[in-house]
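# Observations on the model geometry
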Amino acid sequence: MLNYSIKDFDGIKILEVSGIFNSKATDMFRQMVQRIVERESIMINLEHISMITSAGLNILIELSFFAKEQEKRIIYLWPTDEILEMVETLEVYNYLIFADSLEEGQVKISAFT
């Protein structure tokens, strides 16, 4: 099960995500993120993801492309080692923007939009 809540940091929405990110969790998550990204760039905190499948990673990539089409960005905060290993193995690093702090994420939103 995927759990999430929304916080604010200096006017930027941060989506706090935890749990298992698999095919069962993707549809509702995708729709919610798309509604937000239609209006503004966001940061998604991945540090509490206990497991991610290839379907979950695929949604993160699709959402990044969707954000770019909207002239917005999604910054993925604090990805777990499992996520980074999967990203490197599948060679999809260029499709995602990662940050290790809220401030870095804020700078990347400004730089990429």
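We now turn to the structure provided with this report. (Residues numbered from 1 in each chain as written. Predicted model: local features only at pLDDT ≥ 70, side-chain atom pairs only at ≥ 80, totals over all residues. Heavy atoms only, no water.)

### Digging into the packing of aromatic side chains
Each aromatic ring pair is characterised by the separation of its centres together with the angle its planes make. This model, assessed by the stated rule, comprises five aromatic pairs. Here Phe-21 and Phe-29 contribute two aromatic rings whose centre-to-centre distance is 5.0 Å and whose plane-to-plane angle is 70°, an arrangement assigned as edge-to-face. When the centroid spacing of 5.6 Å and the interplanar angle of 40° are considered together, the rings of Tyr-93 and Phe-98 count as tilted. (Phe/Tyr/Trp six-rings, centres within 6.5 Å; stacked < 30°, edge-to-face > 60°.)

### Notes on the layout of surface pockets
The volume enclosed by the largest pocket comes to roughly 250 Å³. Looking at the largest pocket, the residues that line it are Ser-64, Phe-65, Ala-67, Lys-68, Lys-72, Arg-73, Ile-74, Asn-94, Tyr-95, Leu-96, Ile-97 and Phe-112. Here the lining of the largest pocket gets four residues from one element, more than from any other, and that element is helix H2 (residues 54-69). A per-class count over the lining of the largest pocket returns seven nonpolar, two polar and three charged. (1 Å grid on protein atoms, 1.4 Å probe; cavity = no way out; pocket = protein on both sides within 12 Å on 5 of 7 lines; lining within 4 Å. Points joined across faces, edges and corners; volume = space filled by probe spheres on them. Helix = DSSP H or I, 4+ residues; strand = E, 2+ residues; numbered from the N terminus. Nonpolar A, V, L, I, M, F, W, Y, C, P; charged D, E, K, R; others polar.)

### Describing the pairing of strand S4 (residues 74-77)
If a strand is regular, its side chains alternate between the two faces of the sheet. Neither face of S4 is exposed, since Ile-74 and Tyr-76 on one face and Ile-75 and Leu-77 on the opposite face are all buried. Where strand S3 (residues 42-52) meets S4, four bridges bridge the pair, whose relative direction is parallel. Directly across from Met-43, in S4, lies its bridge partner Ile-75. Remark: the S3/H2/S4 crossover connection has right-handed handedness. Examined bridge by bridge, S4 and strand S5 (residues 97-99) share three bridges and lie parallel to one another. Counted as the bridge partner of Leu-77 is Ala-99 from S5. (Buried < 20%, exposed > 50% of the residue type's maximum accessible area, 1.4 Å probe, protein only. Pairing = 2+ DSSP bridges. Right-handed = clockwise from strand over helix to strand, strands pointing away.)

The values reported here are purely geometric and, on their own, carry no functional implication.
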